[in-house]
Amino acid sequence: MALKTEKERNVGEPTYDAGDITVLEGLDPVRKRPGMYIGSTGPTGLHHLVWEIVDNAVDEAMAGHCDRIEVTLLADGGVKVADNGRGIPTGIHPKYKDKTAAEVVYTVLHAGGKFGEGGGYKVSGGLHGVGSSVVNALSTRLLLEIDRDGDHHVMEFIDGGNPTGKLLVTGPSPKGSTGTTVSFWPDPSIFEEIEFRAQTVVERLQVMAFLNKGLEIHFEDDRPDAKPAQTFKYKDGIVDYVRHLNAAKEALFRKVCYFEQKEETMEVDIALQWNAGFYESIHSFANGISTIDGGMHEEGFKKSLTNVANKYAKAKGTLKEKDDNLLGEDIREGITAIISVRLQDPQFEGQTKGKLGNVPVRSLVERATNEKLSEWFEENPREANQIIQKGLLAARARVAARSARDLTRRKSALDGAGLPGKLVDCSSKEPRESELFIVEGNSAGGSAKDARNPKTQAILPIRGKILNVERARIDKMLKNTEIQALISAIGAGLAEDFDVTKIRYHKVIILADADVDGSHIRTLLLTFFFRQMKPLVEGGFVYVAQPPLYSTLVGKEKVYLKDDHAKAAFLAEHPNHKADFQRLKGLGEMDFGELKDTTMDPGQRSLLQVAVEQASVADEVCSVLMGEDVELRRNFIQTNAKDVRFLDI
Ligand code: 1YM
């Protein structure tokens, strides 16, 4: 069946003309330098392929033509993305006389529909569908199915984007429906690994559903042992997002403040609420892409929020004329906010391209917040007052914390090094070779002390659970003896005064048991380091270690196995192994010999050291550690995962 040209068919439909396709170059460069197009060939790059295709479906939804997207992780390793939009145009492309528009989109680099002129959604980012050819180039197979004009069209590509034939009509579209379905199988010769991680995909899809109010996104995993299917659809969009982020926290009040403002080429949507906690959690997006490092939209919002709150507090007399203004950080304590902007030609800047650079966005967001947030304060005086009162408390705590910190600093100057009494320090004064083991409980500390290498390994026993810094202000934190011991042992200060060049150990190792208590302690310590000594985490100085759960004899040699998984792997490798397995007790109950065996080898080279050298990032470990606190985990993984080492010993 011959295909009509797009013009012949599109009678009276102003949306798309195949002639609008912009062609920049051919496909080959993508396979030669995949990193240039998708960032990396690791897991991030692999998942990027899914985002590219899903983005096209979301663009179609933003253009108002689609309200449902389905994403399926296929049992054979592929991914299928389907939408119920108009279907990619199937008419012959006027410039490539023998090719349909759909084929051009999938085989020509940087070919896509043009936005901003005529039909398309006027504030969508750049070209629609430009990533499709990149996905095709990096797949062993890609199947494109289009339902349009009552026909079901199919086209297949193999080995990095080579068509196996033309776009063919294989029959009528089901019940005259329209839409695009793309299935692809990533090329194992390009990617380090080709297994998709369901959690990564699900989290991203959920955020997309939050940012596109009313859009239904369905996720399914057809692989063995997969989690059940999930559907995301939020009628209140980012307001639901804020509620979701605050769900596990104690909200300061029930209402969520929401406002939006639209201009010719830009628009902004903002939702915000406060919780009883002490941290600010502002998530910003530009055209649905997360701007993790902020940028103009965040700047505009923060500046205006500070002004609006201070003006309100002064006008109502909560803050006297002579009083100092509240600082931005005081007002933002406990805030949860989503800022979503859409604009033409977004500029993503910075090393990780996570910062929005378009200057006009700042004044749009500032104006919108000035006007709409002031209105909201006037209309909701009870909530506005709660926000101001919380800001006043934060300001007082800020002043108290400063004097507490000054006191701590003066004290440590007076006490000489000011080292905590229970620290068993190493003799070396060279941070590069020094390791600090933070161990749980005094008995564990005792065995670790005997098992250590006294020259380079120091032991700091921590009694019970440390304070959860997520739930305490800094002045209270500084009164806690365990926290004080940590700060002085590490020796580099705290929070904004933290100076990573002064750390006394280049490895700060959290050594805790494999049980629930151990995992809780790890979480608390990681939270503390993340919140109060961020450069320590970012510099890759924080390590997590765990004593093994089993031991067994191979001949005369004792072999230690980390957990049940390691035991199973060992048995698979040694099918004739007869000796018993001993289940080791926790750190505190391990005797000196066992601990020495598992932390040091006979040549005095610490096994921890070996493990450090071989350490790999495991964000699953992170998700276990951070438990249900998705937000903390997300921050942790996104900003630091590559630098934190999780040890398996
Ligand atoms: C599962 C992936 O790609 N959907 C999709 C893509 C397009 C359209 C609709 C579309 C766009 C336009 C007009 C337009 C694309 N079209 C193009 C191009 N889902 C998915 N749904 N008609 C249909 O942009 O005006 C590129 S993407 F370039 F052909 F217009």
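Everything quoted here is computed from the prediction, not taken from an experiment.

Undergrad: Looking at this model, I keep getting lost on the overall build of the protein chain. Mind explaining?
TA: Scanning the protein chain from N- to C-terminus turns up 22 helices and 24 strands. The long-range fraction of contacts in the protein chain, counting pairs at least 24 apart against all pairs at least 6 apart in sequence, stands at 68%. In the structure as shown, the protein chain presents an accessible area of about 29700 Å², 51% of it carried by carbon and sulfur atoms.

Undergrad: Where do I start with the pattern of salt bridges in this structure?
TA: Under the criterion given, the structure shown has 27 salt bridges. The partner of Glu298 in a salt bridge is Lys302, and the shortest N-O contact between them spans 3.8 Å. Here Glu298 and its partner Lys302 are both found in helix H9 (residues 296–315), 4 residues apart, which amounts to about one turn of the helix. With a relative accessible area of 24%, Lys302 lands in the partly exposed category. Note that Glu366 and Lys303 form a salt bridge whose closest N and O atoms lie 3.4 Å from each other. Here Glu366 is found in helix H11 (residues 359–379), whereas its partner Lys303 is found in helix H9, with 63 residues between them in sequence. Residue classification places Lys303 among the partly exposed residues on the basis of a relative accessible area of 49%.

Undergrad: Can you help me understand the packing of aromatic side chains in this one?
TA: Think of a pair of aromatic rings as described by two things: how far the centres are apart, and how the planes are tilted against each other in angle. If you walk through the whole model with that rule in mind, you get 9 aromatic pairs. Aromatic pair Tyr241 and Phe285: ring centres 6.2 Å apart, planes at 40°, arrangement tilted. Within this pair, whereas Tyr241 is found in helix H8 (residues 238–246), its partner Phe285 is found in strand E12 (residues 281–286), the two being separated by 44 residues in sequence. Overall, the relative accessible area of 2% leaves Phe285 in the buried class. One aromatic cluster is present, built from ring pairs that chain together Phe210, Tyr234, Tyr241 and Phe285. The ring of Tyr550 has Lys567 sitting right over it, with the charged end atom 4.6 Å from the ring centre.

Undergrad: Got a minute to help me understand unusual backbone geometry in this structure?
TA: As a rule of thumb, non-glycine residues mostly have phi less than zero, and peptide bonds are mostly trans rather than cis. Even without glycine at this site, Asp225 takes up a positive phi of about 60°. One non-glycine residue with positive phi stands out, namely Asn287, at about 50°. Secondary-structure assignment places Asn287 in the loop between E12 and strand E13 (289–290). Note on Asn287: relative accessible area 15%, which makes it buried.

Undergrad: What is the right way to read the packing of H9 against H11 from this model?
TA: When two helices pack together, you describe them by how their axes are tilted relative to each other and by the distance separating the axes. Closest axis-to-axis distance for the H9/H11 pair is 7 Å, and the angle between their directions is 30°. Taken as axis vectors, H9 and H11 run roughly parallel relative to one another. As H9 packs across H11, the resulting crossing turns out to be right-handed. Residues Met296, His297, Glu299, Gly300, Phe301, Lys303, Ser304, Leu305, Val308, Ala309 and Tyr312 of H9 form the contact with H11, whose own contacting residues are Val359, Val361, Arg362, Val365, Glu366, Thr369, Asn370, Leu373, Ser374, Phe377 and Glu378. Grouping the constituent residues of the contact of H9 with H11 by class yields 11 nonpolar, 6 polar and 5 charged.

Undergrad: I keep staring at the environment of His93 and nothing clicks. Help me out?
TA: Position of His93 relative to the elements: it lies in the loop between strand E2 (79–83) and helix H5 (101–107). Classification of His93 as buried rests on a relative accessible area of 1%. Each C-alpha atom, one on His93 and one on Glu103, is 8.9 Å from the other, the two residues being 10 residues apart in sequence. In this structure the side chain of His93 is engaged in a polar contact, spanning 3.1 Å, whose partner is the backbone nitrogen of Lys95.

Undergrad: It is not clear to me how the side chain of Thr107 should be interpreted in this structure. Could you clarify?
TA: Take Thr107: it is sitting in helix H5. There is a polar contact of 2.6 Å between the side chain of Thr107 and the backbone oxygen of Glu103. Contacts of Thr107, omitting those with residues within four sequence positions, involve Leu27, Ser133, Asn136, Phe157, Gly161 and Pro163.

Undergrad: What is the right way to look at helix H4 (residues 43–62) in this model?
TA: Helical geometry: 3.6 residues make up each α-helical turn, so side chains three or four residues apart lie on a common side. Helix length check: H4 (20 residues) gives 28 Å between terminal C-alpha atoms against 28 Å at 1.5 Å per residue, within 8%. Burial within H4 is extensive, with 16 of its 20 residues counted as buried. Among the residues trailing H4, Gly64 stands out with phi positive, at a value near 85°.

Undergrad: Looking at this structure, I do not really get the sheet that holds strand E22 (residues 557–561). What am I missing?
TA: Consider a sheet: its strands pair through backbone hydrogen bonds, and that pairing is either parallel or antiparallel. Strands sit in the order E22-E21-E23 across an open sheet of 3 strands; the sheet is antiparallel. In this open sheet, the two strands that pair with only one neighbour each are E22 and strand E23 (581–583). The sheet shows a mean angle of 30° between the axes of neighbouring strands, taken without regard to direction. As paired strands, strand E21 (residues 550–554) and E22 are joined by 5 bridges and run antiparallel to one another. Bridge pairing links Thr552 to Val559 in E22.

Undergrad: What is the right way to look at the confidence of the model for the protein chain in this model?
TA: In low-pLDDT segments, the atomic positions of the prediction should not be examined closely. Averaged over all residues, the pLDDT of the protein chain equals 81, while 79% of them reach at least 70. The low-confidence segment residues 1–25 (pLDDT under 50) makes 64 contacts with residues lying over four places distant or belonging to another chain. Segment residues 600–649: pLDDT under 50, and 102 contacts once partners within four positions in sequence are set aside and those in other chains are kept.

Conventions we followed
Residues numbered from 1 in each chain as written. Predicted model: local features only at pLDDT ≥ 70, side-chain atom pairs only at ≥ 80, totals over all residues. Heavy atoms only, no water. Helix = DSSP H or I, 4+ residues; strand = E, 2+ residues; numbered from the N terminus. Contact = heavy atoms within 4.5 Å. Areas by Shrake-Rupley, 256 points an atom, 1.4 Å probe, with all protein chains shown as cover. Salt bridge = Lys/Arg side-chain N within 4 Å of Asp/Glu carboxyl O. Buried < 20%, exposed > 50% of the residue type's maximum accessible area, 1.4 Å probe, protein only. Phe/Tyr/Trp six-rings, centres within 6.5 Å; stacked < 30°, edge-to-face > 60°. Lys NZ or Arg CZ within 6 Å of the ring centre and 35° of its normal. Axes fitted to C-alpha atoms, helices over the stretch in contact; angles between N-to-C directions. Parallel < 35°, antiparallel > 145°, perpendicular 65-115°, else oblique. Left-handed = near helix turned anticlockwise from the far one by under 90°. Nonpolar A, V, L, I, M, F, W, Y, C, P; charged D, E, K, R; others polar. Polar contact = N/O pair within 3.5 Å; in protein donor to acceptor, adjacent residues only side chain to side chain. Expected span 1.5 Å × (residues − 1). Pairing = 2+ DSSP bridges. pLDDT = per-residue confidence, 0-100.

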